[in-house]
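Here is what each chain is made of, one letter per residue.
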Amino acid sequence: MSNLYVQALHVHPVKSVAGTAPDEMAVEPWGLSGDRRWAVVDTEGTVITQRQQPRLALAAARPLGGGAVALSAPGMAELAVEVPEPGPLEPVTLFGKKVETVVAAGAAADWFSTYLGVPARLVHMDDPAVRRPVDPAYALPGETVSLADAYPVLLVTLASLDALNSLIAQGDHPEEGPLPMNRFRPNVVVAGAEAWAEDGWRRIAIGDAVFRGVRECGRCIVTTTDQATAERGKEPLKTLARHRRIGKSLAFGRQLVPVRTGTVRVGDEVRILE
């Protein structure tokens, strides 16, 4: 096995909700298959994330096949949600931009409204090939993304997490560390690298797939949310602001765009092409 290999894969079918850790996953042009194809929205059609509702961290979405998901959360009965039938497109707002989606059945709206205590609906991205382009400042022509924050795939290395936790231990809030990987909600976790090595990865291959490294991942308040309790602290943002400010970003992880699709698996060698 190479020194660099995939330690874990993570897929989050519903944006800002806990997902699953499969052993293998197909890579599509807009990300890992099924990743962030669903989102919760408010009555104005604005996407709700853990930024506004940290309790989303305690909910989970399990793939059922064919794009359907099973929703679960504390105090809630599990609910299976099928992919909506083709129908009228509903524009929703994600980071100030409109994205066309299809609204899920009313049972899903009732489920999230009850759980969050505010009116909410669940929407689905029906065709990620055309619905949402990647930021043109960093995209190649035709590149698209699901309902992820900005780019199709997020990669993080174990060594960078270890280095960050060491910095937290030396900082103003050592009692908040060490932080687990789920604070950062990555798709691909890589072992065997040196800390922060991913900052310079411009093109990598994993299994059958090839990705181009686009830029660092700027982190937000979601990373301060304990994914097991939904409580918020100050880390890792305090430490990132001190040690990992890149331009305007508090950087942790590498954003990737697939340039060749395929299958990736836990244990796959990660090859740095450029």
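Preceding this section is the structure that the text describes.
None of the values given here were measured: they were computed from a predicted structure.

1. Points about the sheet that holds strand 3 (residues 31-32)
Point 1. The strand order across the open sheet built from 3 strands is 3-2-18, with neighbouring strands paired in antiparallel fashion. Two strands bound the open sheet, and with one partner strand each, they are strand 3 and strand 18 (262-265).
Point 2. Where strand 2 (residues 24-28) and strand 3 come together, 2 bridges link them in antiparallel fashion. Bridge assignment links Val27 to a residue of strand 3, and that residue is Leu32.

2. Considering the side chain of Ser146
Point 1. Looking at the element boundaries, Ser146 is found in the loop between strand 11 (121-124) and strand 12 (153-157).
Point 2. On the basis of relative accessible area, Ser146 is assigned to the buried category, the value being 1%.
Point 3. Within the structure, Ser146 has its side chain in polar contact with the backbone oxygen of Asp35 (distance 3.2 Å).
Point 4. A polar contact is formed between the side chain of Ser146 and the backbone nitrogen of Ala148, at a distance of 3.4 Å.
Point 5. The contacts of Ser146, once residues within four sequence positions are left out, are Trp30, Asp35, Arg36, Arg37, Met125 and Arg132.

3. Things to note about the nonpolar core
Point 1. With 21 residues, the main nonpolar core has Val14, Val40, Leu71, Val81, Phe112 and Leu122 as its most contacted residues.
Point 2. Per-element accounting of this core gives the leading share, 5 residues, to helix 1 (residues 106-116).
Point 3. Other than its neighbours up to four places away in sequence, Phe112 contacts Val14, Val17, Val40, Leu56, Leu71, Gly117, Val118, Ala120 and Leu122.
Point 4. By size, the runner-up hydrophobic cluster in this structure holds 20 residues, among which are Met25, Val27, Trp201 and Leu256.

4. Remarks on helix 2 (residues 158-169)
Point 1. With 12 residues, helix 2 extends 17 Å from end C-alpha to end C-alpha; this agrees with the ideal 16 Å at 1.5 Å per step.
Point 2. Of all the positions in helix 2, only Ala159, Ser160, Leu161, Ala163, Leu164, Asn165 and Ile168 are classed as buried.
Point 3. Those residues of helix 2 hidden inside the fold are in contact with strand 12, helix 3 (237-243) and strand 17 (249-260).

5. Some remarks on the pattern of salt bridges
Point 1. Tallying each qualifying case throughout the model produces 13 salt bridges.
Point 2. For Asp126, the salt bridge identified is with Arg131, shortest N-O distance 2.8 Å.
Point 3. Notably, a salt bridge pairs Glu216 with Arg215, separated by 3.0 Å at the nearest N-O pair.
Point 4. Classification of Glu216 as buried rests on a relative accessible area of 15%.
Point 5. Through salt bridges that share partners, Lys15, Arg51 and Asp149 make up one connected network.

6. Quick notes on helix 1
Point 1. Those residues of helix 1 that fall on the buried side of the exposure criterion are Ala108, Ala109, Trp111, Phe112, Tyr115 and Leu116. Angular distribution of buried residues about the axis of helix 1 spans 160°; they occupy a single face of the element. Turned more than 90 degrees away from the buried face of helix 1 sit Asp110 and Thr114, all of them exposed.
Point 2. Those residues of helix 1 that are buried lie in contact with strand 4 (38-41), strand 7 (68-73), strand 8 (76-81) and strand 11.
Point 3. Gly117 sits one or two residues past helix 1 and shows a positive phi near 80°.

Definitions and cut-offs
Residues numbered from 1 in each chain as written. Predicted model: local features only at pLDDT ≥ 70, side-chain atom pairs only at ≥ 80, totals over all residues. Heavy atoms only, no water. Pairing = 2+ DSSP bridges. Helix = DSSP H or I, 4+ residues; strand = E, 2+ residues; numbered from the N terminus. Buried < 20%, exposed > 50% of the residue type's maximum accessible area, 1.4 Å probe, protein only. Polar contact = N/O pair within 3.5 Å; in protein donor to acceptor, adjacent residues only side chain to side chain. Contact = heavy atoms within 4.5 Å. Core = buried A, V, L, I, M, F, W, Y, C linked by side-chain atoms within 4.5 Å. Expected span 1.5 Å × (residues − 1). Salt bridge = Lys/Arg side-chain N within 4 Å of Asp/Glu carboxyl O. Arc of directions from axis to C-beta.

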